[in-house]
Amino acid sequence: MYALVAEPTERILGRPLPELIDAAGELQQELFAQARRIRQQHQMDQVRLRGVIEISNYCQKNCNYCAMRATNQNLDRYRLSAAEILEIAAEIHRLGIGTLFLQAGQDPECNAILETVIPEAKRHFGLQILLCLGEYDRATYHRWRALGADSYILKFETSEPERYRQIAYTPLTRRLQCIRWLQEAGFQVGTGNIVGLPGQTLDTLVRDILLTQEIQPNFASSSPFIPNENTPFSQLESGSVRRTLNMMAIFRILLPQALVPTVSALEKLETGGQLAGLNAGANVITINFTPPQCRSKYVIYSEGRFVVSLDHARTIINQAGMTVQPVAI
Ligand code: SF4
């Protein structure tokens, strides 16, 4: 199991991590420039596109920041069928996007659907299959891997066990155990944190970085907290875009081979936020393919979310002076 306490000895540009997490102005630009240098040195300069389908907004958990929480009665719930998902997967393939990203709340009813979708999407379209479906037992992860799934995202959200329990009502150790099982099953694993959770300090964020380093994920992600309607956290302030970008740059520098996404929540909080993510060292953009009538019901960070289109992705990739990674045939 991962150690939750480690000593923050890491320095970048000769500066301690807390100073870099909070960097602004010239220091922040130096940090971003270093992240871009590292990205280039490790041939990670082409942007990977993922096509996400949010297949169900049912969820058994009750995270305080998320309106898909089980006790939210004000949400119209949906679950897509295997046929609906495969029809969209065909479109993702036709557009030359190599990764099918299937995301849902903690919804075990999806399991039967996945028995069809994972092998069919693999067989017919040769897509990489990325899952983000929550916490399951070891056997379930092995089953999805055997069906052909390649990678899995399970963010730890915060490295502080008490804070995690207060926010998600389940133990952080369980989540970390799941990450370990995913790695054992042979998945490429993504993890990361949320910036701006209540009570979070610079020290918390340093420990988030240390935990991420210890996990050694294939993808490392940082997202800003956004207050979400119909949740206990609806009245809180948003997380800092500046600190989120700094966390992404630090992930890029400390985990040079990792994929680092620039998430839609950055664009929701600040126009140009996702482009800033590319300039801070990111190299992944997720395009949304959830059916339009369902998108507004997948309220993972807020209503009125920013929905990333292929045109938007292409525009900011050009603006960042980057290119799209061609899909391997
Ligand atoms: S964050 Fe995920 S697990 Fe938590 S309530 Fe929302 S959908 Fe469910």
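For the structure, check the block above.
Residues numbered from 1 in each chain as written. Predicted model: local features only at pLDDT ≥ 70, side-chain atom pairs only at ≥ 80, totals over all residues. Heavy atoms only, no water.

## Quick look at the layout of surface pockets
Thinking step 1. For the largest pocket, the calculated volume is near 510 Å³.
Thinking step 2. Taken together, the elements giving at least two residues each to the lining of the largest pocket come down to strand E3 (46-56) and strand E5 (128-132).
Thinking step 3. Top contributing element to the lining of the largest pocket by residue count: E3, with four residues. (1 Å grid on protein atoms, 1.4 Å probe; cavity = no way out; pocket = protein on both sides within 12 Å on 5 of 7 lines; lining within 4 Å. Points joined across faces, edges and corners; volume = space filled by probe spheres on them. Helix = DSSP H or I, 4+ residues; strand = E, 2+ residues; numbered from the N terminus.)

## Describing the packing of aromatic side chains
Thinking step 1. Taken as a whole and judged by the stated rule, the model has six aromatic pairs.
Thinking step 2. Ring plane angle 15° and centroid distance 6.2 Å describe the contact between Trp 144 and Tyr 152, whose orientation is recorded as stacked.
Thinking step 3. With a centroid separation of 6.1 Å and 80° between ring planes, the pair formed by Phe 225 and Phe 233 is classed as edge-to-face.
Thinking step 4. A relative accessible area of 11% places Phe 233 in the buried class.
Thinking step 5. In textbook terms, an aromatic cluster arises when at least three aromatic residues are bridged by ring pairs, as seen for Tyr 136, Tyr 141, Trp 144, Tyr 152 and Phe 187.
Thinking step 6. In this structure, Arg 50 packs its charged tip against the face of Phe 101, placed 6.0 Å from the ring centre.
Thinking step 7. Its end group placed over the ring of Phe 187, Arg 145 keeps NZ or CZ at 5.8 Å from the ring centre. (Phe/Tyr/Trp six-rings, centres within 6.5 Å; stacked < 30°, edge-to-face > 60°. Buried < 20%, exposed > 50% of the residue type's maximum accessible area, 1.4 Å probe, protein only. Lys NZ or Arg CZ within 6 Å of the ring centre and 35° of its normal.)

## A few points about the pairing of E3
Thinking step 1. In terms of burial, E3 is largely enclosed, as ten of its eleven residues are buried.
Thinking step 2. Of the strand pairs in this sheet, E3 and strand E10 (residues 323-324) are connected by two bridges, and their pairing is parallel. Opposite Val 47, over in E10, you have Val 324 as the bridge partner.
Thinking step 3. Relative to strand E9 (residues 284-288), E3 runs parallel, the two being bridged by five bridges. Looking at E9, one finds that Leu 49 is bridged to Ile 285.
Thinking step 4. In terms of strand pairing, E3 meets strand E4 (residues 99-104) through six bridges, oriented parallel. The residue of E4 that forms the bridge with Val 52 is Phe 101.
Thinking step 5. Crossover connection from E3 via helix H3 (residues 82-94) to parallel E4: handedness right-handed. (Pairing = 2+ DSSP bridges. Right-handed = clockwise from strand over helix to strand, strands pointing away.)

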